[in-house]
Amino acid sequence: MRKTVIKVAESLSLALNPFLLIPVVFIVALFVTTFPSPVSQIRWLGVILLCNFIIPFWWVYFLDQRGIILDDTLANNKLHRKRLMALWPIIVIIGAEVLTMSFTGTHQPLYAVLMSGLAVTIIGGIISYYWKISAHMAGFSTVLTQLALLTGPWVLWGVVAIPFLIWARLVLHRHTPTQLFMGVVVPPLVIIGIFNLFGLI
């Protein structure tokens, strides 16, 4: 029975992995953004698929093959700093995308999604240097908030998945309740602030 519970918790954690979910939001934002030409939109689609999907997954695989653990129990109290190894390429990539769009045209709302995603990642990285905030909860909270702002409040029905993800991370002994709570709360505050700054709310 215990093995089954662990398997279910691991499957939930894998399915709701932030490395998988957040780039999906970028693609949704891409298709609700008006570009000056279809060619420009296709170029950005290629950039997102390569830089936000393929490269991050390759990087995590590379770290895993080198024996660098990125997801472990609370007993590994130094893990939160090791996770920064997975975050820094993402910060560089999204930072480069934000800079590129700043000079070539701030196509909204994709620009706001990239900017808020960058801000959440940087803040999460700073917190992770000192403390183990839940990346899974932060990622899922980011996805729900951005999708709700892009497509409407119907997306907020996704909050029903939050208790299941919290359960999974607790069963796997990955986080404390406080770490999970902060992962849920911090991203919406940042994202809503940035969307409001751009006049998108």
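Residues numbered from 1 in each chain as written. Predicted model: local features only at pLDDT ≥ 70, side-chain atom pairs only at ≥ 80, totals over all residues. Heavy atoms only, no water.

Some details on helix 5 (residues 84–104)
Relative to the 30 Å expected for 21 residues at 1.5 Å per residue, helix 5 spans 30 Å between its end C-alpha atoms, a close match to the ideal helical length. When helix 5 is considered as a whole, its buried residues turn out to be A86, L87, P89, I90, I93, I94, G95, E97, V98 and M101. The inward-facing, buried residues of helix 5 contact helix 2 (18–31), helix 3 (38–65), helix 4 (79–82) and helix 6 (110–130). After helix 5 finishes, the residue G105 shows a positive phi value of roughly 130°. (Helix = DSSP H or I, 4+ residues; strand = E, 2+ residues; numbered from the N terminus. Expected span 1.5 Å × (residues − 1). Buried < 20%, exposed > 50% of the residue type's maximum accessible area, 1.4 Å probe, protein only. Contact = heavy atoms within 4.5 Å.)

Details of the pattern of salt bridges
Across all of its chains, the model carries 2 salt bridges by this definition. Put simply, D71 and R169 hold a salt bridge, and the shortest N to O gap is 2.8 Å. Note that D71 is positioned in the loop between helix 3 and helix 4 and R169 in helix 8 (residues 162–171), a separation of 98 residues in sequence. Judged by relative accessible area, R169 falls into the buried class, the value being 1%. The partner of R174 in a salt bridge is D71, and the shortest N-O contact between them spans 3.2 Å. (Salt bridge = Lys/Arg side-chain N within 4 Å of Asp/Glu carboxyl O.)

Overview of the packing of aromatic side chains
Across all of its chains, the model carries 6 aromatic pairs by this definition. Ring geometry for W58 against W59: centres 6.2 Å apart, planes inclined by 40°, an arrangement best described as tilted. On the basis of relative accessible area, W58 is assigned to the partly exposed category, the value being 49%. Residue W59 is classed as buried on the basis of its relative accessible area, which comes to 16%. With a centroid separation of 5.5 Å and an interplanar angle of 20°, the aromatic rings of W59 and F62 are classed as stacked. (Phe/Tyr/Trp six-rings, centres within 6.5 Å; stacked < 30°, edge-to-face > 60°.)

Observations regarding unusual backbone geometry
Of the consecutive residues Q108 and P109, the connecting peptide bond is found in the cis state with omega at 10°. Position of P109 relative to the elements: it lies in the loop between helix 5 and helix 6.

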